[in-house]
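If you want the building blocks of each chain, they are given just below.
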Amino acid sequence: MDTTTDDNDIKQNRTVRVKNPHLLKNTVDHLYHISLSNTSDDLENRFGDVKFVCFGGTPSRMSKFTQFISSELGVKYYGDVGSPTNITGSTDRYAIYKAGPVLAVSHGIGIPSLSIVLQEVVKLVHYAKCQDVEFFRIGTSGGLGVEPGTVVVTEKVVNGALEPFHHSIVLGKSVKRPAVVDKEFAKEIYQFADISDKFQTVLGTTLCADDFYEGQGRIDGAFCEHDHDDKLNWLKHVHSQGVCNIEMESLGFITMCHRANVKGAVLCVTLLDRFKGDMVTMDHKFLTAVQKYPQIIVARYIKNAYHLL
Ligand code: R2B
Ligand code: URA
């Protein structure tokens, strides 16, 4: 199995970059968390047509998205009538669904969870020889100064210290990687917001926190060593630096897309205005409805790519 990425294809921005010389030595690559293997699962045949990979937090949301995109594109999803089948089968860690050129992947909460499935999905599309693949994160977030239910298309992503970098520890050493957002791609997607939408869409900076509670300045966790004023001052400060929303995966997502030579975009709906509180109290019906907003924009983008708009 050839695991190198062809330089010409890379230059033409057609294939994903798997930059790991060690993979050359291994003929068998078992993608443990998604239960697929490069040697036994006929990846090229099953996934070679994939052009869009959409990531979101939960399996059920990504299953619903698969049903939605399959009806929008007029293509069947993989699985039985009634509900898409989770391709990762029995792993129980992540879910992957397929509808024609679209893969829908659940990533769990936070960068550590996201990065595992993202690494394996990058290898999957590489082994499947997919070309011109684009990745999207369609998720949820807390908003700053925008109405709950607003979709934020990320044009810049920063960590909790407002730096556009993702820090991690590799072999005991701190590694700092730039989070390079493809601004043109973000703008292109933003164009698919429509004046007649019942929700607002904005381009803005996303702050990616390491945690839902203290990391996002909340004062309603089990532990808290700051007070209400500290929180508001911090929220005001980050807002003054352009931050429109706060979530937990964009930094890892954008950094890895860049490393993989894949176009990546982040669209998150806001579930609350953090200037007004910490608790997500939206009722289930409204929550289900707003979670679809980023999906609607991405679906339009995909339909347009297929000349269906
Ligand atoms: C948004 O929502 C989740 C936390 O509730 C997290 O995955 C995120 O980024
Ligand atoms: N997800 C987050 O990470 N933060 C919020 O406030 C809401 C959803």
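Everything in this summary refers to the structure shown in the same document.

Scoring rules and cut-offs
- Residues numbered from 1 in each chain as written.
- Chains lettered and ligands numbered in written order.
- Predicted model: local features only at pLDDT ≥ 70, side-chain atom pairs only at ≥ 80, totals over all residues.
- Heavy atoms only, no water.
- Buried < 20%, exposed > 50% of the residue type's maximum accessible area, 1.4 Å probe, protein only.
- Helix = DSSP H or I, 4+ residues; strand = E, 2+ residues; numbered from the N terminus.
- Pairing = 2+ DSSP bridges.
- Expected span 1.5 Å × (residues − 1).
- Salt bridge = Lys/Arg side-chain N within 4 Å of Asp/Glu carboxyl O.
- Phe/Tyr/Trp six-rings, centres within 6.5 Å; stacked < 30°, edge-to-face > 60°.
- Lys NZ or Arg CZ within 6 Å of the ring centre and 35° of its normal.
- Arc of directions from axis to C-beta.
- Contact = heavy atoms within 4.5 Å.
- Near = heavy atom within 4 Å.
- Polar contact = N/O pair within 3.5 Å; in protein donor to acceptor, adjacent residues only side chain to side chain.
- Areas by Shrake-Rupley, 256 points an atom, 1.4 Å probe, with all protein chains shown as cover.
- Nonpolar A, V, L, I, M, F, W, Y, C, P; charged D, E, K, R; others polar.

**Quick notes on the pairing of strand β7 (residues 151-158)**
Okay, so step 1: Counting buried positions along β7 yields six of eight residues, so the element is predominantly enclosed.
Okay, so step 2: Bridge count between β7 and strand β10 (residues 201-208): seven bridges; the pairing is parallel. The residue of β10 that forms the bridge with Lys156 is Thr205.
Okay, so step 3: Of the strand pairs in this sheet, β7 and strand β12 (residues 263-273) are connected by three bridges, and their pairing is antiparallel. In the sheet register, Val151 faces β12, and the bridge partner there is Val269.

**Regarding helix α9 (residues 293-305)**
Okay, so step 1: Given a rise of 1.5 Å per residue, 13 residues ought to cover 18 Å, and the 19 Å separating the end C-alpha atoms of α9 matches this to within 8%.
Okay, so step 2: Of all 13 residues in α9, 10 are buried; the element is thus mostly enclosed.
Okay, so step 3: Two residues or fewer after α9 comes His307, characterised by a positive phi angle close to 55°.

**Considerations on the pattern of salt bridges**
Okay, so step 1: A full pass over the atoms with the stated rule returns 11 salt bridges.
Okay, so step 2: For Lys129, the salt bridge identified is with Glu44, shortest N-O distance 3.9 Å. Linking Lys129 in the loop between α4 (111-127) and β6 (134-143) with Glu44 in helix α2 (residues 43-47), this pair joins segments that are 85 residues apart in sequence.
Okay, so step 3: For Lys303, the salt bridge identified is with Glu72, shortest N-O distance 3.0 Å. In this pair, Lys303 sits in helix α9 while Glu72 sits in helix α3 (residues 59-73), placing the two residues 231 residues apart along the sequence.
Okay, so step 4: Residues participating in the shared-partner salt-bridge network are Arg137, Glu247 and Glu249.

**Description of the packing of aromatic side chains**
Okay, so step 1: Inspection of every chain in the model, using the stated rule, returns 10 aromatic pairs.
Okay, so step 2: When the ring of Phe199 is compared with that of Tyr293, the centres are 4.2 Å apart and the planes differ by 15°; the resulting orientation is stacked. With Phe199 in the loop between α5 (183-190) and β10 and Tyr293 in helix α9, this residue pair connects regions lying 94 residues apart in the sequence.
Okay, so step 3: Among the aromatic residues, ring-to-ring pairing joins Phe52, Phe136, Phe185, Phe192, Tyr301 and Tyr306 into one connected group.
Okay, so step 4: A cation over a ring is seen here: Lys292 above Phe68, with NZ or CZ 4.3 Å from the ring centre.

**Regarding unusual backbone geometry**
Okay, so step 1: The residue Asp92 is not glycine, and still its phi comes out positive at about 70°.
Okay, so step 2: You can see Asp92 is positioned in the loop between α3 and β4 (96-99).
Okay, so step 3: Within the chain, Lys129 stands out as a residue other than glycine whose phi angle is a positive 60°.

**Details of α5**
Okay, so step 1: Residues Phe185, Ala186 and Ile189 constitute the buried set of α5. Down the axis, α5 shows its buried residues gathered within 100° of arc, on one side only.
Okay, so step 2: For α5, the secondary structure elements touched by its buried residues are β6, β7, β10, β12 and α9.

**Examining the site of ligand 1**
Okay, so step 1: Around ligand 1, the neighbouring residues are Ile109, Arg137, Thr140, Phe212, Glu247, Met248 and Glu249.
Okay, so step 2: In the model, an oxygen atom of ligand 1 is placed 3.1 Å from a nitrogen or oxygen of the Thr140 side chain.
Okay, so step 3: Interatomic distance of 2.6 Å between a side-chain N/O atom of Glu249 and an oxygen atom of ligand 1.
Okay, so step 4: Coverage of ligand 1 by the protein amounts to 80% of the 270 Å² it exposes when considered alone.
Okay, so step 5: Of the residues belonging to the shell around ligand 1, the class tally is three nonpolar, one polar and three charged.

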